[in-house]
Amino acid sequence: MSAPEETRAAVLDRIRAALGVASLDHARRTAVVRRLERHPRGTIPSRATRRGEERVALLTDMLTKQGADVSRVPTQKEAVGAIASYLGTCNLPPRLRMGADRVLAALPWREAWDIERSFGRAEPGDRASLSRAVVAAAETGTLFLVSGTDNPTTLNFLPEAHTILIAASDIVGSYEEAWDRVRAIYGQGTLPRTVNLISGPSRTADIEQTIVRGAHGPSRLLVLILG
Amino acid sequence: MTSTPAASKQGPLVGLFVTCLVDLFRPSVAFAAIKLIEAGGARVEVPRAQTCCGQPAYNSGDRQDAIAIARQVVETFERFDYVVAPSGSCAGMLRLHYPRLLAEDPNFAERASALAAKSFELTSFLVGVLGLTKVDAAYEENVTYHDSCSSLRELHVREAPRRLLASVEGLSLVELGESEMCCGFGGAFSVKYPDISTAILDAKVRDIIGTGASTVLAGDLGCLMHIAGRLVRERADVEVRHVAEVLAGMTEDPAIAAPRQKR
Amino acid sequence: MGNGRQDFKTDAAHALADTALQKALQNVKRGFVVKREAARAKLPEFDTLREDARAIKDHTLSHLDLYLETYERKVAESGGSVHYAPTAADARAIILKLCQEAGAKLVTKGKSMVSEEIGLNAHLQAAKIEVVETDLGEYIVQLRGERPSHIIAPVIHLNKETIEADFRRAHHRLPRERRLDQAQYLVAEARKVLREKFLAADVGITGANLLIAETGSSVIVTNEGNGDLTSTLPRTHIVIASIEKIVPTLEDAAIILRLLARSATGQEITTYTTFATGPRRDRDPDGPSAYHVVLLDNGRSEMLGNEFADMLRCIRCGACLNHCPVYGAIGGHAYGSVYPGPMGAVLTPQLQGIDRARDLPNASSFCGRCEAVCPMDIPLPDMMRTWRERDFARGNPPFSERLFLKMWAYAAKRPLVYHALANAIVLFMARRAGARGRLSRLPLAKAWTGTRDLPAPQGRTFHSLYTRARRRGRV
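Residues numbered from 1 in each chain as written. Chains lettered and ligands numbered in written order. Predicted model: local features only at pLDDT ≥ 70, side-chain atom pairs only at ≥ 80, totals over all residues. Heavy atoms only, no water.

## Observations regarding the overall build of chain B
Each helix and strand in chain B was counted, giving 13 helices and 8 strands. Computed over C-alpha atoms, the radius of gyration of chain B comes to 18 Å, within 12% of the 18 Å expected from 2.2 N^0.38 for 263 residues, which places it in the range of a compact globule. Along the three orthogonal principal directions, the C-alpha set of chain B runs to about 50 × 45 × 35 Å. Relative to its 263 residues, chain B shows a buried fraction of 64%. Restricting to contacts in chain B with at least 6 residues of sequence separation, those with at least 24 account for 77%. In the form shown here, chain B has an accessible surface area of approximately 9,800 Å², with 49% of it arising from carbon and sulfur atoms. Of the side chains in chain B, 27 bear a positive and 32 a negative charge, and the two mean positions are spaced by 2 Å. (Helix = DSSP H or I, 4+ residues; strand = E, 2+ residues; numbered from the N terminus. Rg over C-alpha atoms; globule rule 2.2 N^0.38 Å. Buried < 20%, exposed > 50% of the residue type's maximum accessible area, 1.4 Å probe, protein only. Contact = heavy atoms within 4.5 Å. Areas by Shrake-Rupley, 256 points an atom, 1.4 Å probe, with all protein chains shown as cover. Lys, Arg positive; Asp, Glu negative; His and termini not counted. Charge placed at Lys NZ, Arg CZ, Asp CG, Glu CD.)

Structure (structure tokens):
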């Protein structure tokens, strides 16, 4: 096996030969740099331009069709109540894994004093978890969750039941608007280790095209829209 | 560059592209086409120096022969105001593929484009160019219509034959369940991969029988011979004809693969 | 899977006779086709998005070297490593080395067609590394020692009874009395068994639906979440992706994602779409500590410069398979390739050579449905025809085919010869058919008459009738 530098050069040279271009072609390089800087948008579906309550309704509708349970909670107190009752609905013990997210920490947990909360990454024995999405795109009911100590990625996949909190004001229409939000928080031209776009509970249709929930990820997803 | 219709009180001059299948197997289709084109107000000539559009060579990868045949067709037909074929696949060959085949030939590139612009499948010509909206024919049967892949996807012909069939007295059209599906003919494909071709054909045949129609029509003789060949092998009671025959009121001849009637 | 022409025809014949497969193909064909159409109807911008997507890919491919360089730089900035693999053998060697350096005994895998293309699993297993596919369909074909039969739905060809039998055979700790007669029980069993593997894996290997130059990210789409458990839990995450998967920006990815699931299964979006960028950061409580991307060429750079460049726009949605009458008749295994259906008919000869793969582009009726539904506007029938030209130029078609074609072309270029011969032939055929109007048997025509009658000609050619009619003033 050749050295990495050689194989790299081999592939790139082959590409340039096939395209009939030179490596130091200034115009091409400029075109690429500019496009990356501008990151222009393409066609945005008209459904993504809905505003206000219509937009929330679209998110709710899409998520519900994709198998999630969706609840609108006007206050933080009701949010906690919804979480507690979801655990009951799912027949799960009142135990919840979550991250260090400050918004989640600031919820009035005394209203559900019997919920035993543990923090950090999900462990194999965890059956229920709670995360917060930084933004959601209503166009397909898609929540954007970001890795880190605030909302560890494993919370999204290991437990059976996952609850995601999203502020109504963090719901945008299109993927493009969502990425702009992410860029505003995390910087340009870079991303956190993982961004999960989640649009429903885990499912598979591999067996005779029959839809079954909980293939490997959570079989139940509750989305709480706060505010 | 499209040539404008001949400034003549007799209407534009159409060169009939007979197609090899019609020429060999079912001349009545060409006679029906002539009748329809003349009913639409155009004149028809049939140049004798025509044989085939070249698809067999083209689709078998024999580009050289396809180019040679294409040049021949361009030379023979370019003098006409329009070229009309009772076949979506042959019309598609002239319209879409000739310009590509002859793109590198400085003597023929422009001429091929010019020919392409004035080449048409029969029903789309009658409706779209001659403005024919109805025909003077009667056919009291339940009829279903198979859209050939070339007509549908290369030429976007769908409404024209239906428009004309709607004007045929006594005819009622029932649509196939899956009209977008191929019949499995595909030219030489039908004999190079006969098992697969027949399996695809069987789905089409089930669809046709499922409509309950007594007759199936189409605008391509290749599809029709393929379909008829299986219907009759399976002893199904469905007649197969080219749409031109019905539109021209020329249905006295036996249907495709049907026995000669005793007079 | 064998080389040589005979395998395709034999495999196709078996597939046509396989009633269970035929039943599965019926259901699935209609399901995906109907669902895609419904998804399209719900998105008025669908066709405009296709134009956008095509433009994005065309721009990217014409600047592929530069976007790869940018991508590589970004991956390094995020703490990951990029490895270039000119050939399949290079990719296998690189990945094996990375696994051995990680001390891997168990590797979990997300679904990756590219990993099948390079034969990765067998290579790792030969080095005594256990490899477990985690996409449910891929897991099942792995148990069966088969290839997937569809690039999106690997076990579309199996019914649940067969899958139950496979589980009972392979899952040694499965009690006899456990119910597995419904899809939900099979899924629950797979979840249980695979959960252990996810947690124990040393290395996770995934493919990538997209690579993003702007951020140095790899993107995977799944409904199950297996790709995420594969990439997040082990210490090392390896991404294997072919070089044409790259797009410039997050906005470009958004355009393609709007088309991908809708074209594949009719879903508006898959459950999980994950953007992975490098190994865990300083304050990450989970995630892999090493992130490697293996960029595979294996013929793609060659395609950039030949008539098959448009094929590099393919996003592997499978819409062409779902709408193809040939795929719908024979299923995926008969193609003898990792990539079946129309996209396989174009890609496989590039990977295997036209001599070995010649049946794939030849076994098409050119109905054109594939091209009509392709979200990336790839002219698949045209490219299959180009392969036929190469095939013909190499003298591959059987002698009888080439002879017949030569004779046909000879006559077609000489109208007088043609008309004379034609008259003689149709007269002969019409007489032989007689009043029956059709021929059930005819010399040299067994390929047709085996299953179909041949309608009799009317007896004379049109040209001779027309000439006669003109002479008689009747036309």
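Don't stop here, the text continues.
## Focus: the interface of chain C and chain B
Each partner contributes to the interface: chain C provides 66 residues, whereas chain B provides 68 residues. Between chain C and chain B, a total of about 5,800 Å² is buried, with carbon and sulfur atoms accounting for 60% of that surface. On the chain C side of the interface with chain B, the three residues burying the most area are C:R452, C:Q458 and C:F462, jointly 12% of the side's total. Along the contact surface separating chain C from chain B lie 6 salt bridges. As a salt-bridge pair, C:K406 and B:D65 come within 3.1 Å of each other at their nearest N and O atoms. (Buried area = accessible area lost by both parts, 1.4 Å probe. Salt bridge = Lys/Arg side-chain N within 4 Å of Asp/Glu carboxyl O.)

## Re a nonpolar patch on the surface
Residue and element names in this part refer to chain C. On the surface, F399, L403, F404 and M407 cluster together to form a nonpolar patch covering roughly 460 Å² of accessible area. With respect to the element layout, F404 can be found in helix 21 (residues 399–412). Relative accessible area serves as the criterion here: at 55%, F404 is assigned to the exposed category. (Patch = residues over 30% accessible without salt bridge, like charges linked within 9 Å, V, L, I, M, F, W, Y side chains within 5 Å.)

## What to know about the pairing of strand 8 (residues 239–242) of chain B
In terms of strand pairing, strand 7 (residues 215–218) of chain B meets strand 8 of chain B through 4 bridges, oriented parallel. Bridge pairing in strand 8 of chain B places B:V216 opposite B:V240. (Pairing = 2+ DSSP bridges.)

## Some words on the interface of chain C and chain A
The partner chain A presents 75 residues to the 100 residues of chain C that form the contact. Carbon and sulfur atoms make up 58% of the area that chain C and chain A hide from each other, which totals about 7,400 Å². Viewed at the interface, chain A and chain C are joined by 14 salt bridges. For the salt bridge of A:R16 with C:E69, the shortest nitrogen-to-oxygen distance reads 3.1 Å. On inspection of chain C and its partner chain A, the count reaches 47 residue pairs in polar contact (both at pLDDT 80 or more). (Polar contact = N/O pair within 3.5 Å; in protein donor to acceptor, adjacent residues only side chain to side chain.)

## Concerning the pairing of strand 9 (residues 194–198) of chain A
Residue and element names in this part refer to chain A. With 5 of 5 residues buried, strand 9 lies mostly within the body of the structure. Alternating residues of strand 9 divide into T194, N196 and I198 and V195 and L197, and every residue in both groups is buried. As defined by bridge partners, strand 6 (residues 142–146) adjoins strand 9 across 4 bridges and the pair is classed as antiparallel. In the sheet register, L143 faces strand 9, and the bridge partner there is I198.

## Observations concerning the side chain of C:T230
Residues and elements named next belong to chain C. Here T230 lies in helix 11 (residues 226–232). Residue classification places T230 among the buried residues on the basis of a relative accessible area of 0%. Within the local environment of T230, its side chain forms a polar contact with the side chain of T134, the two groups lying 3.3 Å apart. If we skip the residues at most four places from it in the chain, T230 touches T108, K109, G110, T134, F198, G204, I205 and T206.

## Thoughts on unusual backbone geometry
Apart from glycine, the bulk of residues carry a negative phi angle, and the bulk of peptide bonds sit in the trans form. Unlike most non-glycine residues, B:T19 shows phi in positive territory, near 80°. With respect to the helices, strands and loops of the structure, B:T19 is situated in the loop between strand 1 (13–16) and helix 1 (20–25).

## Re the packing of aromatic side chains
Aromatic ring pairs are described here by two measures, namely the spacing of the ring centres and the angle between the planes. The full count for this structure, using the stated rule, is 18 aromatic pairs over all chains. Aromatic ring contacts, followed pair by pair, group B:F189, B:Y193, C:F8, C:Y327 and C:Y335 into a single cluster. Here B:R95 stacks its cationic end above the ring of B:F120, 4.9 Å away from the centre of that ring. (Phe/Tyr/Trp six-rings, centres within 6.5 Å; stacked < 30°, edge-to-face > 60°. Lys NZ or Arg CZ within 6 Å of the ring centre and 35° of its normal.)

## Quick word on the packing of helix 8 (residues 136–144) of chain C against helix 9 (residues 160–170) of chain C
Residues and elements named next belong to chain C. Put simply, helix 8 and helix 9 touch, their axes get as near as 10 Å, and they point 65° apart. In the crossing of helix 8 with helix 9, the sense of the turn from one axis to the other is left-handed. Seen from helix 8, the contacting residues are L136, Y139, I140, L143 and R144; seen from helix 9, they are T162, I163, D166, F167, R169 and A170. Here the residues of the contact of helix 8 with helix 9 are counted per class, giving 7 nonpolar, 1 polar and 3 charged. (Axes fitted to C-alpha atoms, helices over the stretch in contact; angles between N-to-C directions. Left-handed = near helix turned anticlockwise from the far one by under 90°. Nonpolar A, V, L, I, M, F, W, Y, C, P; charged D, E, K, R; others polar.)

## Observations regarding the sheet that holds strand 3 (residues 116–119) of chain A
Residue and element names in this part refer to chain A. Spatially, the 6 strands line up as an open sheet ordered 1-12-7-4-2-3, and their pairing is parallel. Here the strands that pair on one side only, and so sit at the sheet edges, are strand 1 (69–73) and strand 3. The sheet shows a mean angle of 25° between the axes of neighbouring strands, taken without regard to direction. By the bridge criterion, 7 bridges tie strand 7 (residues 161–167) to strand 12 (residues 220–226) in an arrangement that is parallel. For A167, the partnering residue across the bridge sits in strand 12 and is L226. Strands strand 1 and strand 12 of the sheet are contacted by helix 3 (residues 52–65), whose axis makes an angle of about 150° with strand 1. Against the sheet, helix 4 (residues 76–89) engages strand 1, strand 2 (95–98), strand 4 (128–132), strand 7 and strand 12, with an angle of about 170° to strand 12.

## Quick look at the packing of helix 9 of chain C against helix 10 (residues 183–200) of chain C
Residue and element names in this part refer to chain C. Close contact between helix 9 and helix 10 brings their axes to 10 Å; oriented N to C, the two are set at 30°. As judged from the angle between their axes, helix 9 and helix 10 are roughly parallel. In the packing of helix 9 onto helix 10, the handedness of the crossing is left-handed. Of the residues in helix 10, those in contact with K160, I163, E164 and F167 of helix 9 are A183, L186, E189 and A190. A per-class count over the contact of helix 9 with helix 10 returns 5 nonpolar, no polar and 3 charged. (Parallel < 35°, antiparallel > 145°, perpendicular 65-115°, else oblique.)

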